[in-house]
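# Chains, contacts and geometry: an overview
One letter stands for each residue in the lines below.
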Amino acid sequence: MSTTAQPSYARTLGLFSATMLVVGGIIGSGIFINPSVVAARTGSAALTLATWSLGAVIALLGAFIFAELGRRRPQVGGGYAYLRDAFGPLPAFLYGWALLLAIATGAIAAVAVTFSSYAAPLFGLPTDTTTISALSVAAVVLLSIVNLVGVKTGAATQNVFTVLKLVALAAVLLAAVVGPDGAAVTAEAVPPLAPPSTAMGIFLALSTALVPVLFSFGGWQQTNFVAEEMRDPERTLPRALILGVLIVVAVYLGANIAYLNALGVDGLAASKAPAADMIVRVAGENGRRLMAAGIAASAFGFLNLVILVSPRVYQAMARDGLFFASFARLHPRFRTPVMAIVFQAVVAVVLILTGSYGQLLDWVVFADWIFFTATALTLIVIRRRDAASGVLDAGFSAPFYPLSVWLFVLAGAYVVFGSVASNPGNAASGVALLAAGVPVYVFWKRRSALSS
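Residues numbered from 1 in each chain as written. Predicted model: local features only at pLDDT ≥ 70, side-chain atom pairs only at ≥ 80, totals over all residues. Heavy atoms only, no water.

## Comments concerning a nonpolar patch on the surface
On the surface, L174, V177, V178 and V282 cluster together into a nonpolar patch covering about 380 Å² of accessible area. Among the elements that take part in the nonpolar patch, helix α8 (residues 151-178) stands out by supplying three residues, more than any other. You can see V282 is positioned in helix α11 (residues 274-309). (Patch = residues over 30% accessible without salt bridge, like charges linked within 9 Å, V, L, I, M, F, W, Y side chains within 5 Å. Areas by Shrake-Rupley, 256 points an atom, 1.4 Å probe, with all protein chains shown as cover. Salt bridge = Lys/Arg side-chain N within 4 Å of Asp/Glu carboxyl O. Helix = DSSP H or I, 4+ residues; strand = E, 2+ residues; numbered from the N terminus.)

## With respect to the packing of aromatic side chains
For the structure on display, the rule yields 24 aromatic pairs. For the ring pair W220 and F408, a centre distance of 6.1 Å and an interplane angle of 70° mean the geometry is edge-to-face. Taken as a pair, W220 in the loop between α9 (199-217) and α10 (233-270) and F408 in helix α16 (residues 403-422) lie far apart in primary sequence, 188 residues in all. The pair formed by W220 and F408 is uniform in burial state, with each residue classed as buried. Through a chain of ring-to-ring contacts, the aromatic side chains of F323, F324, F327, F343, F443 and W444 assemble into a single cluster. Over the ring of Y401 we find R383, and its NZ or CZ is 3.7 Å from the ring centre. (Phe/Tyr/Trp six-rings, centres within 6.5 Å; stacked < 30°, edge-to-face > 60°. Buried < 20%, exposed > 50% of the residue type's maximum accessible area, 1.4 Å probe, protein only. Lys NZ or Arg CZ within 6 Å of the ring centre and 35° of its normal.)

## Let's talk about the pattern of salt bridges
Under the counting rule described, the total for this entry stands at ten salt bridges. Between E68 and R72 there is a salt bridge, with its nearest N and O atoms 2.7 Å apart. Note that E68 and R72 are positioned in helix α4 (residues 45-72) at a spacing of four residues, about one turn of the helix. Its relative accessible area of 0% is what places E68 among the buried residues. With a closest N to O distance of 2.7 Å, R383 and E68 form a salt bridge. Taken as a pair, R383 in helix α15 (residues 357-388) and E68 in helix α4 lie far apart in primary sequence, 315 residues in all. This pair shows no difference in class: R383 is buried, exactly as E68 is. Linked by salt bridges that have partners in common, E68, R72, R73, R84, D85, D320, R383 and D386 make up one network.

Here it is in structure tokens:
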């Protein structure tokens, strides 16, 4: 093996950029649309807010866990590194395998199409499939180039679009304050909901509504992927995670209170686009265009975030000898994993052009939360090993440990169970996709052993 010194990651990200990565990794287009799903499943304003509040608690518990993991192991790859150190290289490799083939690339493709669907009318473009696909591919290529030329450029782009999405959500809150009273979202009468009246009914309503809430709160863990590119990551990463999640909690709860006050729970449940419906009440159809622009900016920012952070996992895999050696190398000037970024873009473009990303995402929704849950469990293993090695336990520690870990694991197990129960076929396909990674891991492991 070559002993030539390779360039390392540039430590350029400060607290503000890291916090914007957290916020941008969580807030996509869901908060503009998903609250109607939650309201329809709970049937009452109180249960709707209770579900979002429960999701906020779980998100904070997850942030606490990943903050301590980031402090103890400020390594590139985040969850990949934690899984490798705690449970061995195979589960870590399967996590990276799932990210590359479906979780990250599928999300890139899906979010690019979402961005294009909202952006095309704003640009005066047709909304046919060919145009949407072309605009989606262009967005992926553009942002991949932006992130090729340095993490600082990618982070600056992220900062701009995260601020824009927060401005869009602020407009929603303002519309609720200054808009006219009224609970109907259309001229037609909205049928009243029938909220659950028994304890079991309330439990079932909360459980079904919690799934879209948890998915809306997910994404903070991606910031851990770029730990080696932060200044003083042992301090910066925990602070960014906690601060970023708290910002999102405040925004999400504020948005839902605004939706309920302006539209009522029945109107919210009936609305297909509650944020747009609220803005229309204040600014008419121009308001709808404004909100479409806000959703497009939010999707574009999330797209940039995934393109920025995910290649660091593939680079870490390659650095461990479990992927193409070229993926491990950083550009000598830009200090970015160029081949990993390019390959990710190619896979995402193929998914866009073939339209297969939706099915892939369905397959691995439960797998994503399996890894999410398993990564939380690594904190228990890593804490014990550090204690046995005499490592000083200085710095941030997850509050309420180990209860915080087990509560988060319980929530993750619920999402996995619900995903499997709702569509066993998709779960089986996801298992098959993960199983296909085992012989690939064996191949790379043997090849690495022969070349060492």
